[in-house]
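Commentary on secondary and tertiary structure
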Amino acid sequence: MIHRLSLAHPGGTTPIVVGAGALEATRAELETWCAGRTLFVVSSPRVRALHGAVLAPLGAAAARVVDLDVPDGEAAKTVAEVAELWHGLLAAGGKRDSRLITFGGGSVSDLGGFAAATFLRGIEFAALPTTLLAQVDAALGGKTGIDLPGAKNSVGAFHMPAFVVADTAWLSTLPRAELRAGLAEVIKVAFVLEPELFARLEREIAGLLDGDPHRLAPIVAAAAAAKAAVVERDPKEAGERRVLNFGHTLGHALEAAGLERGEPLAHGDAVGWGMRFALRLASPRGLPAEDSARLSELLDRLGLPPLPQFTPEELLAVLARDKKAVESGVRWVLPRRLGAWAAVEVAPDEVRAELVEFLAACQSH
């Protein structure tokens, strides 16, 4: 089954098409969109080797195709890499009405979307995410960006894609670790926004980790619909959209600290550990023990990898640079109960004390 969603925003409406065969279902619309234009395809050599042939019909519709290669993973999201894209777009004669496709995981969506947002003050792009994490999170909502050393996503822009095509057939080539990282983001959305989806994950998590495209399609569609609804109401993260940062405050610190010490964590895995830490802050603020236990048990079944041997000082230094911080400090997104949340200011001394105990427990485990 093909799931057709949409995301309305100040610049128009973005169709979101999900399912095994979503690219074929959207082909006519994409061919019209790129017909007679230069089509830039931002992807990695690995993704091109696995799936690049599926883009041939779009290349035939375009006036010409220019391939721009980027690295896989967070290594793509650097000032140097976005500068390479800008130079590549310029050298190939990119114009304001050229088209750009991001074809890959979340880092490709972030980097390529940012290049599209900033080249000639903005050209249209379509997101074709090939990983579960990108299909349920990175390719949705118009957040694009790159990292600075020690500060994830600290430079970026809001730039909504013209299309999001999440073909779950592409997920069949993912290793289990990447499926796990994507499902962590689904768990995040479900716990704070969609209790019925959370219950479904509790029933089906083992089968979803097998990567069947048809079984994953309704899960991807449900997570995408939940995120799209929030983004429609708050496109620039002025308020409600903060809910999507559940697990991300410590999660981003874990990612950045891991990169600094050469022990990188996948984004979804870091968010999973970030959710575990958020439970420590939420429980004394009224989160029911039953709800906390359900999330902990599901994360256990997901099978997060062990944390590197971080020190509290490493992580606190990165938290101080968090891009979501305001002058008064960092606000933590904490669950109040299954399906409800609040943004809460937590005193630095409490964060430090909880972090010390959390890291000790993780390392002991």
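Further up the page is the structure itself.
Residues numbered from 1 in each chain as written. Predicted model: local features only at pLDDT ≥ 70, side-chain atom pairs only at ≥ 80, totals over all residues. Heavy atoms only, no water.

Focus: the overall build of the protein
Per the secondary structure count, the protein includes 14 helices and 11 strands. Compactness check: the protein gives a C-alpha radius of gyration of 20 Å against a globular reference of 21 Å for 365 residues, within 12% of the reference. Summarising its shape, the C-alpha atoms of the protein cover approximately 60 × 40 × 35 Å along the three principal directions. Counting across all 365 residues of the protein, residues that qualify as buried make up 56%. For the protein, the proportion of contacts with a sequence separation of at least 24, taken over those separated by at least 6, is 76%. Of the roughly 14,500 Å² of accessible surface on the protein, a fraction of 54% belongs to carbon and sulfur atoms. (Helix = DSSP H or I, 4+ residues; strand = E, 2+ residues; numbered from the N terminus. Rg over C-alpha atoms; globule rule 2.2 N^0.38 Å. Buried < 20%, exposed > 50% of the residue type's maximum accessible area, 1.4 Å probe, protein only. Contact = heavy atoms within 4.5 Å. Areas by Shrake-Rupley, 256 points an atom, 1.4 Å probe, with all protein chains shown as cover.)

So, the packing of aromatic side chains
This structure, assessed with the given rule, holds 8 aromatic pairs. On the numbers, 5.4 Å between centres and 85° between planes, the contact of Phe 103 with Trp 170 is edge-to-face. With Phe 103 in strand 5 (residues 99-104) and Trp 170 in the loop between strand 9 (163-166) and helix 7 (176-193), the pair connects residues that are 67 residues apart, well separated along the chain. We note that Phe 103, like Trp 170, is buried. Centre to centre, the rings of Trp 273 and Phe 358 are 6.3 Å apart; their planes meet at 70°, and the pair counts as edge-to-face. Of this pair, Trp 273 sits in helix 11 (residues 267-282) while Phe 358 is found in helix 14 (residues 348-364), placing the two residues 85 residues apart along the sequence. A relative accessible area of 9% means that Trp 273 is categorised as buried. Among the aromatic residues, those joined into a cluster by ring pairs are Trp 273, Phe 277, Trp 332 and Phe 358. Positioned above the aromatic ring of Trp 273, the side-chain terminus of Arg 276 is 5.5 Å from the ring centre. (Phe/Tyr/Trp six-rings, centres within 6.5 Å; stacked < 30°, edge-to-face > 60°. Lys NZ or Arg CZ within 6 Å of the ring centre and 35° of its normal.)

Concerning the pairing of strand 7 (residues 143-148)
Pairing of strand 7 with strand 8 (residues 151-158) involves 5 bridges; the strand directions are antiparallel. What sits directly across from Ile 146, in strand 8, is Val 155. (Pairing = 2+ DSSP bridges.)

Some thoughts on the packing of helix 7 against helix 12 (residues 289-302)
Where helix 7 contacts helix 12, the two axes come as close as 11 Å, and the packing angle between them is 165°. Classified by the angle their axes make, helix 7 and helix 12 are roughly antiparallel. Judged by the sense of rotation from one axis to the other, the crossing of helix 7 with helix 12 is right-handed. Counted together, Arg 180, Leu 183, Ala 184, Ile 187 and Phe 191 of helix 7 and Asp 291, Leu 295, Leu 298, Leu 299 and Leu 302 of helix 12 form the full contact between these two elements. Per-class residue counts for the contact of helix 7 with helix 12 are 8 nonpolar, no polar and 2 charged. (Axes fitted to C-alpha atoms, helices over the stretch in contact; angles between N-to-C directions. Parallel < 35°, antiparallel > 145°, perpendicular 65-115°, else oblique. Left-handed = near helix turned anticlockwise from the far one by under 90°. Nonpolar A, V, L, I, M, F, W, Y, C, P; charged D, E, K, R; others polar.)

Digging into the side chain of Ser 109
Examined against the element boundaries, Ser 109 turns out to sit in helix 5 (residues 106-118). For Ser 109, a relative accessible area of 3% puts it in the buried group. Setting aside residues no more than four positions away along its own chain, Ser 109 makes contact with Thr 102, Gly 104, Ala 134, Ala 138 and Ala 139.

Thoughts on the pattern of salt bridges
Across all of its chains, the model carries 29 salt bridges by this definition. A salt bridge links Arg 4 to Glu 29; its shortest N-O distance comes to 3.7 Å. Here Glu 29 lies in helix 1 (residues 22-34) and Arg 4 lies in strand 1 (residues 3-9), a separation of 25 residues in the sequence. Among the residues examined, Glu 29 registers a relative accessible area of 33% and is labelled partly exposed. In this structure, the salt-bridge partner of Arg 261 is Glu 314, at a minimum N-O distance of 2.7 Å. (Salt bridge = Lys/Arg side-chain N within 4 Å of Asp/Glu carboxyl O.)

Brief notes about helix 13 (residues 312-319)
Among the residues making up helix 13, those that are buried are Pro 312, Leu 315, Leu 316, Val 318 and Leu 319. With its buried residues spanning 160° around the axis, helix 13 presents them on a single face. (Arc of directions from axis to C-beta.)

With respect to the sheet that holds strand 6 (residues 124-129)
Spatially, 7 strands are ordered 1-2-9-6-5-3-4 in an open sheet, and the strand pairing comes out mixed. For this open sheet the edge positions go to strand 1 and strand 4 (64-69), each flanked by a neighbour on one side alone. Within this sheet the neighbouring strands show an average axis-to-axis angle of 20°, counted without direction. Two elements, strand 6 and strand 9, share 2 bridges in a ladder whose sense is parallel. Within strand 9, the residue paired with Ala 126 across the bridge is Phe 163. Running at roughly 165° to strand 5, helix 5 makes contact with strand 3 (38-43), strand 5 and strand 6 of the sheet.

What to know about unusual backbone geometry
Of note in this structure, Asn 153 is not a glycine but carries a positive phi near 55°. Among the structural elements, Asn 153 can be located in strand 8. In this model, Glu 237 sits at a positive phi of 60°, which is unusual for a non-glycine residue. Topologically, Glu 237 is positioned in the loop between helix 9 (213-233) and helix 10 (248-260). Its relative accessible area of 19% is what places Glu 237 among the buried residues.

So, the environment of Pro 213
Topologically, Pro 213 is positioned in helix 9. With relative accessibility at 15%, the residue Pro 213 sits in the buried group. Those residues in contact with Pro 213 that lie beyond four places of it in its chain are Ala 20, Thr 168, Ala 169 and Ser 172.

So, the pairing of strand 6
The element strand 6 is extensively covered by neighbouring structure, given that 5 of its 6 residues are classed as buried. Sheet topology places strand 5 next to strand 6; 6 bridges connect them, and they run parallel. When the sheet's bridge partners are listed, Gly 104 is paired in strand 6 with Pro 129.

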